Amino acid sequence: MTQRTVAVVSAGLSQPSSTRLLADQLAAATRDELVRRGNTVQLRVVDLREYAHDVVNNMLTGFPPTALREAVDAVTGSDGLIAVTPIFNASYNGLFKSFFDVLEAESLVGRPVLIGATGGTARHSLALEHAIRPMFSYLRAVVVPTSVFAAPEDWSGGTADGALRGRIGRAAGELADQVELRPPASGPADPFALTTDFLQMLGRGDDAPVN
C-alpha cells in the first residue's frame with residue numbers, strides 16, 4: 001500500500017466553526033476515497049486560529065516560530081492539500097491569506113489542492129472562483145475543478161445535506177485522482193539545501209582548472 005499525506009488547512013476563527021466542519025468532511029471524504037484505492041492516509045490538520053500570533057510574528061521577523069514551522073512543513077510536505085476559509089467581505093479572510101504569504105516561494109508548485117469556503121449566504125460562493133482559485137493558480141498549485149461552498153442552509157443537524165454531500169464527494173474524488181498521479185511526497189523541501197555544488201556557485205564548470 002502507498003502512504004499518502006493530506007494536509008487540511010482551516011481558517012475558521014470561531015469555535016465551533018462551520019469552516020472546520022467543512023474541512024473535516026472534505027478530509028474524511030478524501031481519505032476514504034484514497035483508502036478505497038489501496039492507499040494508507042495520514043491527515044495533518046492545521047487549524048490556523050491556533051497559529052494567528054505566530055503568523056504575524058513570522059511576517060514581521062521573516063522567521064517562523066517552532067510550532068508554525070511544523071504547520072508549514074505539514075502543508076509543504078503533503079501529497080495533497082485541502083484549504084478552507086470563511087468568506088469575509090467577498091474574499092478569503094486575512095489569516096488564510098497571511099498563512100500562505102509566509103510559505104517559501106514555489107513550495108506549492110504542482111501540489112494538488114481542493115479549495116472550500118463557508119459564508120452566511122450562497123452569494124459568497126463566487127469568491128471561490130474570483131479570489132481563492134486565482135491565488136492558488138498564482139502559486140502554481142494544481143487546483144481541482146470542483147470547489148465546495150457551504151452556506152448555513154447546506155447543513156442539516158451538523159451534517160452536509162444531499163447537495164453539499166454530493167459536491168464534497170465529487171471534489172474528494174478529483175483530489176484523489178490528482179494525488180495518485182504523483183509519486184508519494186518525500187516531505188518538505190529544505191530551504192537551506194544547496195541546489196548547486198561549490199564550484200558551480202563560483203561560476204566554474206566541471207572541467208575548469210582549480211588554482
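Note: the structure precedes this text.
Given the structure is predicted, the values throughout are model-derived calculations rather than measurements.

Quick word on the pattern of salt bridges
Applying the stated criterion across every chain yields a total of 13 salt bridges. Put simply, Arg37 and Glu180 hold a salt bridge, and the shortest N to O gap is 3.3 Å. Of the two residues, Arg37 sits in the loop between α1 (18-36) and β2 (39-47) while Glu180 sits in helix α6 (residues 162-180), which places them 143 residues apart along the sequence. Exposure remark for Arg37: the relative accessible area of 28% places this residue in the partly exposed category. A salt bridge links Lys97 to Asp101; the nearest nitrogen and oxygen atoms lie 2.8 Å apart. Taken together, the residues Lys97 and Asp101, both in helix α4 (residues 94-101) and four residues apart, mark about one turn of the helix. A residue is classified by how much of its surface remains accessible, and Lys97, at 26% relative accessible area, is partly exposed. For Asp101, a relative accessible area of 42% translates into the label partly exposed.

Re the packing of α4 against helix α5 (residues 127-138)
The interhelical angle for the contact between α4 and α5, taken along N-to-C directions, is 5°, at an axis separation of 12 Å. It follows that α4 is roughly parallel to α5 by the angle criterion. For the pair α4 and α5, contact is made by Phe96, Lys97 and Phe100 and by Ile132, Met135 and Phe136, respectively. Broken down by class, the residue content of the contact of α4 with α5 amounts to five nonpolar, no polar and one charged.

Looking at the pairing of β2
Taken together, the nine bridges between strand β1 (residues 2-10) and β2 define a ladder with parallel strand orientation. By the bridge assignment for β2, Thr5 is matched with Gln42. Between β1 and its parallel partner β2, the chain crosses via α1, and the hand of that crossover is right-handed.

Things to note about the packing of α1 against α6
In the contact formed by α1 and α6, the axes pass within 8 Å of each other and the chain directions differ by 50°. Relative to α6, the element α1 lies oblique. With respect to the hand of their crossing, α1 and α6 are arranged in right-handed fashion. Here Leu22, Gln25, Leu26, Ala29, Thr30, Glu33 and Leu34 of α1 come into contact with α6, specifically with Leu164, Ile168, Ala172, Gly173, Leu175, Ala176, Val179 and Glu180.

Thresholds applied
- Residues numbered from 1 in each chain as written.
- Predicted model: local features only at pLDDT ≥ 70, side-chain atom pairs only at ≥ 80, totals over all residues.
- Heavy atoms only, no water.
- Salt bridge = Lys/Arg side-chain N within 4 Å of Asp/Glu carboxyl O.
- Helix = DSSP H or I, 4+ residues; strand = E, 2+ residues; numbered from the N terminus.
- Buried < 20%, exposed > 50% of the residue type's maximum accessible area, 1.4 Å probe, protein only.
- Axes fitted to C-alpha atoms, helices over the stretch in contact; angles between N-to-C directions.
- Parallel < 35°, antiparallel > 145°, perpendicular 65-115°, else oblique.
- Contact = heavy atoms within 4.5 Å.
- Nonpolar A, V, L, I, M, F, W, Y, C, P; charged D, E, K, R; others polar.
- Pairing = 2+ DSSP bridges.
- Right-handed = clockwise from strand over helix to strand, strands pointing away.
- Left-handed = near helix turned anticlockwise from the far one by under 90°.

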